[in-house]
Amino acid sequence: MSRPPEVRPLADDADVILRAVHVHKSFGAVTALRDVNLFLRRGEVLALVGDNGAGKSTFIKILSGFHQPDGGTIEWEGAPLRLRSPADARALGIETVYQDLALINDLTVYQNMFLGRELKARLWGLVPLLDNRRMRREAREYLDGLGINIPSVDSTVALLSGGQRQSIAVARALRGTPKLLMLDEPLAALGVRESAHVLALIQELRRRREVSIIMIVHNYSQIFEVCDRLNFLFAGEIVLDTPTSATSEIALIELVKSGLGRAGVR
Amino acid sequence: MSAAVPEPTPQDAPFGAAARAVLAVLARYREASIALVALVLVAYFQARNPAFLTTAELSVVLRDAGEIALIAIGETLLMITGEIDLSAGSTFALAPVVMNLIAGSGQPLILGAFVGLLIGVAIGFVNGVITVRFRVPSLIATLGTLFFVSGLAVTLAHSQPVATLVQEPFNVIFGENLYSPTTPLWSFHTLTAFTPFLWAFAAACAVAVTLRWTTFGLHTIATGSNMTGAREIGVHVERTKIANFMIAGGLAALIGIINAVQYTSADPIAGGSGLTLQAIAAAVIGGTSLFGGSGTAIGTLLGAFVVAALNNGLVLIGAQATQSDIYLGAAIVAAMILNVWTGTFRMRAR
């Protein structure tokens, strides 16, 4: 693999596109998010790190409109963010690749790629029907453009490999030309070669600085490869916020081993 | 994507190639296997009693098929979303009772039909809301409305059939006549005898187009196939489910009205759970999955034909009327096994 072009550091005065203040969320008796304070700059790639159950996915699902927060405020491009459903978030340019990928097994590749954003053509200028031909063609072109190898956009996604499914979910999110892209463990189901491909894709997005990214990652070396900054979530609170340039993989592992955050919480 | 049919080698040509082509078609179009079953049934009944393929007998088979199909098409949509409606047979009874009571009070028949249809849609809405908002499984929610609506129909009609008035052209459009052997085959009169099936055919085509070429259809499949995933990507799964309940209720009311026009009266104990279960059987035989995410309207129409042909054909070849349920039961189980089997085959064929 050729060495990717250098990524210039994010300007310090880049504007803040997203700011969460005192966000909390409970499911019945279980507190998922205690008090999350987080910001994200335009074009920044932020890693969200933490143990299972720390609240990473819950926070992402709040930003994607899937869950509604119990309290706190979220600002999006300087205005309060109120999402009633994931459709609202997508309309604002917030795209999410969920951990479960949110693919529909009984639908084809192109139908999945356009789900929620279907292309329509009017029959006799009146009846809005799905423009399956155009969706098929555009899906093909888009996947080819990203270098994603899917034999047929007409096959149902149930028949695809884990890597192909992941690629389609990522392609669907990118096709919405998002301002904010959230990736919940984007590399979990991938082999070495496919992981490298997705990482290269993220690196390319980072180089262009057009989309802000929040990604949940478990593999620390990947964080240092593509992320500008990392936030460590522990028991529903962010207990560490540091640029990746100010720390190292070894230092991070040491921090976690030493019981990071436990002193700060409670 | 079509299943690959390899070039025939000298050993297996021509029969092997033909067999493979047939298998490939069966694997590609799930309606094909049920169409095959329907053809075999027709051939069998015709061989045993040549009276089967006559206009008189087929008008009965197709009338029953249409009646079952219109309800089954609604069930198909619901089953695709992962739900079911047990109350359809009661809506079938209530809608025409309301229509005839309104018409009997001096209002136009068409107004009564409109109100009857609205009531069907409203029952569907209630079913949907109970299922989606109150999280009662639809099997239980619609079991409740099955009794409730049935009781309402019997009460409103004072346990008596209510006569259907004649106000043309309403009666012609909604199926004026039952076919009689003296009727000339190619006449308008004969056409009206086939009204239930014509309506069912139109509904099946409309639903087939909806599932394939509309956002609503796509979202219906997505909702049943992966409800969480569909919600995550922005599909309004609750709304989609409720809408499908409303369509199913409307279709049940429509065929109830057609039935009452044909028989010139609305029987408050018509339809019921027997009709609903036959409709669900038709959908299952037609290839609709009980687990959500897949099903076709054309398959269901064919399934309804199979159920109606079994019911009537068995009587024609001398079986006791009571025996037809034995065959229907066997057919349901066989269809389910076939569905699972062809599903596996379809996966392998790709």
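Note that the coordinates shown come from a computational prediction; the quantities given were computed from them, not determined experimentally.

What counts, and where the lines are drawn
Residues numbered from 1 in each chain as written. Chains lettered and ligands numbered in written order. Predicted model: local features only at pLDDT ≥ 70, side-chain atom pairs only at ≥ 80, totals over all residues. Helix = DSSP H or I, 4+ residues; strand = E, 2+ residues; numbered from the N terminus. Buried ≥ 20, exposed ≤ 12 C-beta atoms within 10 Å, placed from the backbone. Contact = placed C-beta atoms within 7 Å. Rg over C-alpha atoms; globule rule 2.2 N^0.38 Å. Core = buried A, V, L, I, M, F, W, Y, C linked by C-beta atoms within 7 Å. Axes fitted to C-alpha atoms, helices over the stretch in contact; angles between N-to-C directions. Parallel < 35°, antiparallel > 145°, perpendicular 65-115°, else oblique. Nonpolar A, V, L, I, M, F, W, Y, C, P; charged D, E, K, R; others polar. Expected span 1.5 Å × (residues − 1). Pairing = 2+ DSSP bridges. Left-handed = near helix turned anticlockwise from the far one by under 90°. Bend = angle between axes of the 7 residues up to and from the residue. pLDDT = per-residue confidence, 0-100.

Draft legend 1. Representation of the overall build of chain B in the model. Looking only at helices and strands, chain B has 15 helices and two strands in total. The principal-axis extent of the C-alpha atoms belonging to chain B is close to 75 × 60 × 35 Å. Across the 350 residues in chain B, those meeting the buried criterion constitute 51%. Of the contacts made within chain B by residues no fewer than 6 positions apart, 75% connect residues no fewer than 24 positions apart.

Draft legend 2. Quick look at the overall build of chain A. Tallying secondary structure elements over chain A gives eight helices and twelve strands in all. Over its C-alpha atoms chain A spans a radius of gyration of 19 Å, differing by no more than 12% from the 18 Å that the globule rule assigns to 266 residues. Over its C-alpha atoms, taken along the principal directions, chain A stretches across nearly 65 × 45 × 35 Å. A buried classification covers 42% of the 266 residues belonging to chain A. Partitioning the contacts of chain A with sequence separation of at least 6, the portion at a separation of at least 24 is 69%.

Draft legend 3. Representation of the nonpolar core in the model. A69 and I71 of chain B are the most contacted members of the largest nonpolar core, which totals 164 residues. If you tally residues by element for this core, the top one is helix α12 (residues 237-262) of chain B, at 15 residues.

Draft legend 4. Broad picture of the packing of helix α3 (residues 55-80) of chain B against α12 of chain B. All names here are of chain B. Relative orientation of the contacting elements α3 and α12 amounts to 175 degrees, with a least axis distance of 8 Å. Comparing the axis directions of α3 and α12 gives the class roughly antiparallel. Every residue of α12 that contacts α3 at E67, L70, I71, I73, G74, E75, L77 and L78 is listed here: N244, F245, I247, A248, L251, A252, L254, I255 and N259. Taken together, the residues that form the contact of α3 with α12 break down as twelve nonpolar, three polar and two charged.

Draft legend 5. View of helix α5 (residues 162-175) of chain A. All names here are of chain A. In this model, α5 (14 residues) spans 20 Å end to end at C-alpha, consistent with the 20 Å of a helix rising 1.5 Å per residue. Residues Q164, R165, Q166, S167, I168, A169, V170, A171, R172 and A173 constitute the buried set of α5. For α5, the secondary structure elements touched by its buried residues are β6 (94-97), α3 (109-114), α4 (132-145), β9 (180-184) and α6 (192-208). Two residues or fewer after α5 comes T177, characterised by a positive phi angle close to 35 degrees.

Draft legend 6. Here's a closer look at the interface of chain A and chain B. Contacts between the two partners involve 24 residues from chain A, matched on the other side by 21 residues from chain B. Mapped by element, the contributors of at least two residues to the side of chain A that touches chain B are α2 (86-91) and β8 (127-130) of chain A. Looking at the side of chain A that touches chain B, the element that brings in the most residues is α2 of chain A, giving three residues. A class-by-class count of the residues in the side of chain A that touches chain B yields twelve nonpolar, seven polar and five charged.

Draft legend 7. Region of interest: unusual backbone geometry. A cis geometry characterises the amide bond from E168 of chain B onward to P169 of chain B, with omega recorded as 5 degrees. Here H22 of chain A, not a glycine, exhibits a phi torsion of approximately 50 degrees, which is positive. You can see H22 of chain A is positioned in strand β1 (residues 16-27). Residue classification places H22 of chain A among the partly exposed residues on the basis of 13 C-beta atoms within 10 Å.

Draft legend 8. Region of the structure containing the environment of F147 of chain B. Along the polypeptide, F147 of chain B turns up in helix α6 (residues 138-156). When the C-alpha atoms of F147 of chain B and E67 of chain B are compared, they prove to be 21 Å apart, with 80 residues separating the residues in sequence.

Draft legend 9. Inspection of the pairing of strand β4 (residues 71-76) of chain A at higher detail. Residues and elements named next belong to chain A. In the sheet, β1 pairs with β4 via five bridges, with the strands oriented antiparallel. Bridge pairing in β4 links A20 to I74. As judged from the two bridges shared by β4 and strand β5 (residues 79-80), these two strands associate in the antiparallel manner. The residue bridging W76 from the neighbouring strand is A79, located in β5. Once β4 ends, the chain turns through two residues before running back antiparallel as β5, passing E77 with a positive phi of about 50 degrees.

Draft legend 10. Just the packing of helix α5 (residues 109-132) of chain B against α6 of chain B, in detail. Residue and element names in this part refer to chain B. Contact geometry of α5 with α6 gives a least axis separation of 9 Å together with a crossing angle of 145 degrees. Helix-helix and strand crossings are classified by hand; for α5 and α6 the assignment is right-handed. Contacts from I123, V126, N127, I130 and T131 of α5 reach α6 at S138, A141, T142, T145 and V149.

Draft legend 11. Local environment of α3 of chain B. Residues and elements named next belong to chain B. Spanning 26 residues, α3 covers 35 Å between terminal C-alpha atoms, matching the ideal 38 Å at 1.5 Å per step. The largest bend in α3 is about 25 degrees, located at A69. Burial runs high along α3: 22 of the 26 residues are buried. Note on α3: the residue one or two positions beyond its end, G82, has a positive phi of about 90 degrees.

Draft legend 12. Spatial organisation of the pairing of strand β2 (residues 30-41) of chain A. Residues and elements named next belong to chain A. Taken together, the eight bridges between β1 and β2 define a ladder with antiparallel strand orientation. Among the inter-strand pairings, A20 is bridged to a residue of β2, identified as L38. As consecutive antiparallel partners, β1 and β2 are separated by two residues, and within that stretch G28 has a phi angle of approximately 60 degrees, a positive value.

Draft legend 13. Highlighting the confidence of the model for chain B. All names here are of chain B. When the pLDDT values of chain B are averaged, the result is 86; 91% of them are 70 or greater. Within the model, the stretch residues 1-13 combines pLDDT values under 50 with 19 contacts to residues more than four positions away or in other chains. Under the prediction, the complex receives an ipTM of 0.88, its pTM being 0.88.

Draft legend 14. Structural detail: the environment of Y179 of chain B. Residue and element names in this part refer to chain B. Summarising the element assignment, Y179 is placed in the loop between α7 (170-173) and α8 (188-193). As for Y179 and T192, which are separated by 13 residues in sequence, their C-alpha atoms are 8.4 Å apart. Residues within four places of Y179 in sequence aside, it is in contact with T55, A56, S59, T190 and A193.

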